[in-house]
Amino acid sequence: MHSTDHGNKAIITCAITGVLTDPGQHHVPVTPEQLAQEARRAYDAGAAVVHVHFRNQEPGKGHLPSWDPQVARDCVQAMREACPGLIINQTTGVVGPNYQGPLDCLRATRPEMAACNAGSLNYLKVRSNGTWAWPPMLFDNQPAKVKDFIDVMLETGTLPEFECFDVGIVRCVEMYVQTGMYTQGLPEYNFVMGVESGMPADPDLLPILLKLKIKDAPWQATVIGRSEIWPVHQRVAELGGHLRTGLEDTFYLPDGTKAESNGPLIEKLAEYARNAGREVASPQEARGMLGLREAGMPQEVAALAGRFPDFPLRDGDSA
Ligand SMILES: [Zn+2]
């Protein structure tokens, strides 16, 4: 680990289920068994990381999120058992001032990675008839909230993945480093493109975002939408970014057919990496590239050895 041996390999993340999609309408996993099965399909297709949301486990309520630490534990354990070495990246996204649930879930599962929503965004969408698709909503991520997540992730040995929904948020990540809010080495950026009121899924935006992020910091793009997302993924692969897709981000393959599982989406992304002359990183390689603890390492040791602020982290990750 911590070497340049992995060259320019691409780390693939599979976002296997998402926030609110109805399992009655789409093939999104809900139970620990279903999550394990989908994680395995993604893992077999080349995913090193699984980004996961937890759902309400009561019958008929699987479209709703859950912040029950026991549900989180059961889901993470099932995925780890199905996929040796798999890296878990869990959601923390919640609207409003009460975010104890996500903090409790981080402490319950101590994942290797977690989403850290790096700024606020008005979440808006307009239907073709000119009405709001849902009541206009603020996804509030003020600096104090961001800091609380960063601090708990430091405690749990978790690498924050800074979710950037807009151009200004990309710039804010550097401010978190400058002010000492984030002290764990180079931040990992996730450019979230395709949210209607955020950054568009436009490959031409990528070079600008790369100018705005901290030099040498690892990055990936989450691209939300239908077939228009795929040219963006291809450009990300060409520009050296890491790759993410999954049923959270799209239901559609490049040819417009609907994916019934995460497997075909990840296979396609792996193909895009190879088109760009890059191999796909194994979970073990991804751990080295991102400075994550080894699979199965006790959390207490990991907190000291892997993610301690003074430890030289990710010195050669994307070289
Ligand atoms: Zn998510």
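Before reading further, recall that the structure is shown in the block above.
What counts and how
- Positions within a chain are numbered from 1, following the residues in the order the chain's sequence is written.
- Local features are withheld for residues below a pLDDT of 70 in this predicted model, meaning they are given only at 70 or higher, and side-chain atom pairs are given and counted only at 80 or more; totals for whole chains, interfaces and linings count all residues.
- Secondary structure is summarised from DSSP: a helix means a run of H or I of at least four residues, a strand means a run of E of at least two, and numbering begins at the N terminus for each.
- Based on C-alpha atoms, the radius of gyration is set beside the globule rule, defined as 2.2 Å times the residue count to the power 0.38.
- Around each residue's C-beta, the other C-beta atoms within 10 Å are counted; 20 or more make the residue buried, 12 or fewer make it exposed, and counts in between make it partly exposed. All C-beta atoms are placed from the backbone.
- Here, residue contact means that the backbone-derived C-beta atoms of the two residues sit within 7 Å.
- The rule for pairing is simple: two strands pair if DSSP sees at least two bridges between them.
- Angles run from 0 to 180 degrees between N-to-C directions of axes, and those axes are lines fitted to C-alpha atoms, restricted for helices to the stretch in contact.
- Joining buried Ala, Val, Leu, Ile, Met, Phe, Trp, Tyr and Cys residues through C-beta atoms within 7 Å gives a set, and that set is a nonpolar core.
- The directions considered for the arc run from the helix axis to the C-beta atoms.
- Whether a crossover is right-handed depends on one test, that the path from the first strand over the helix to the second runs clockwise when the strands point away from the viewer.

This part takes up the overall build of the protein. Across its full length, the protein carries 10 helices and 10 strands. In summary, the protein has a C-alpha radius of gyration of 18 Å against a globular reference of 20 Å for 319 residues, a match within 12%. Taking the principal axes of its C-alpha atoms as reference, the protein extends roughly 55 × 40 × 40 Å. Taking all 319 residues of the protein together, 46% fall into the buried category. Residue pairs in contact within the protein that sit at least 24 positions apart in sequence constitute 72% of those at least 6 positions apart.

Another point: the sheet that holds strand β3 (residues 87-90). Paired through backbone hydrogen bonds, the strands of a sheet run either parallel or antiparallel to each other. Spatial strand order, β1-β2-β3-β4-β7-β8-β9-β10: 8 strands in a closed barrel with parallel pairing. Across the sheet, the mean angle from the axis of one strand to that of its neighbour is 25°, orientation sign disregarded. Pairing geometry for strand β8 (residues 188-193) and strand β9 (residues 219-223), over 5 bridges, is parallel. Across the sheet, residue Y189 finds its bridge partner in β9, namely W219.

We now examine the nonpolar core. Membership of the largest hydrophobic core comes to 83 residues, with the highest contact counts inside it found for I12, A39, A47, V50, M79, C164 and F191. Every residue in contact with A39, bar those within four places of it in the chain, is listed here: I16, V50, M79, A82, C83 and L86.

A few words on unusual backbone geometry. Phi is positive for R110, which is not a glycine, with a value near 45°. Mapped onto the elements of the fold, R110 is located in the loop between α3 (100-109) and β4 (113-117). Although it is not a glycine, D216 adopts a positive phi angle of roughly 70°. Secondary-structure assignment places D216 in the loop between α6 (206-212) and β9. What makes D216 exposed here is the crowd of 12 C-beta atoms within 10 Å.

Before going further, it helps to spend a moment on helix α9 (residues 283-290). For α9, every residue scored as buried is listed here: P283, A286, R287, M289 and L290. The arc enclosing the buried residues of α9, seen along the axis, measures out at 165°, which places them on a common side. Among the structural elements, β2 (49-52), β3, β7 (159-164) and β8 are those in contact with the buried residues of α9. Immediately beyond the C-terminal end of α9, within one or two residues, lies G291, with a positive phi of roughly 70°.

This brings us to α3. Buried within α3 we find P102, L103, C105, L106 and T109. Down the axis of α3, the buried set is contained in an arc of 160°. They therefore lie on one face. Residues of α3 that are buried make contact with α2 (69-82), β3, β4 and α4 (143-156). Residue R110 follows α3 closely and has a positive phi angle near 45°.

In terms of burial, β9 is a largely internal element, 5 of the 5 residues being buried. Residues of β9 alternate between two faces, with W219, A221 and V223 on one and Q220 and T222 on the opposite face, all of them buried. This β-α-β element, β8 to α6 to β9, shows right-handed connectivity. Taken together, the 3 bridges between β9 and strand β10 (residues 242-245) define a ladder with parallel strand orientation. Looking at β10, one finds that T222 is bridged to R244. The parallel pair β9 and β10, bridged by helix α7 (residues 229-239), forms a crossover whose chirality is right-handed.

Inspection of the secondary structure assignment puts V173 in helix α5 (residues 167-178). On the basis of neighbour counts, which here come to 26 C-beta atoms within 10 Å, the residue V173 falls in the buried class. Each C-alpha atom, one on V173 and one on Q37, is 35 Å from the other, the two residues being 136 residues apart in sequence.

Right, let's get into the pairing of β2. The alternating pattern of β2 places V49 and H51 and V50 and V52 on opposite faces, both of which are buried. Traced from strand β1 (residues 12-15) through helix α1 (residues 32-45) to β2, the parallel crossover comes out right-handed. Relative to β3, β2 runs parallel, the two being bridged by 4 bridges. Residue pairing for β3: V50 is matched across the bridge by I88. Traced from β2 through α2 to β3, the parallel crossover comes out right-handed.

Now for the environment of E112. Note on placement: E112 falls in the loop between α3 and β4. Given 27 C-beta atoms within 10 Å, E112 falls into the buried group. In this structure the C-alpha to C-alpha distance between E112 and Q90, which are 22 residues apart in sequence, comes to 8.8 Å. Apart from the residues within four sequence positions on either side, E112 is in contact with I87, I88, T158, L159, L292 and R293.

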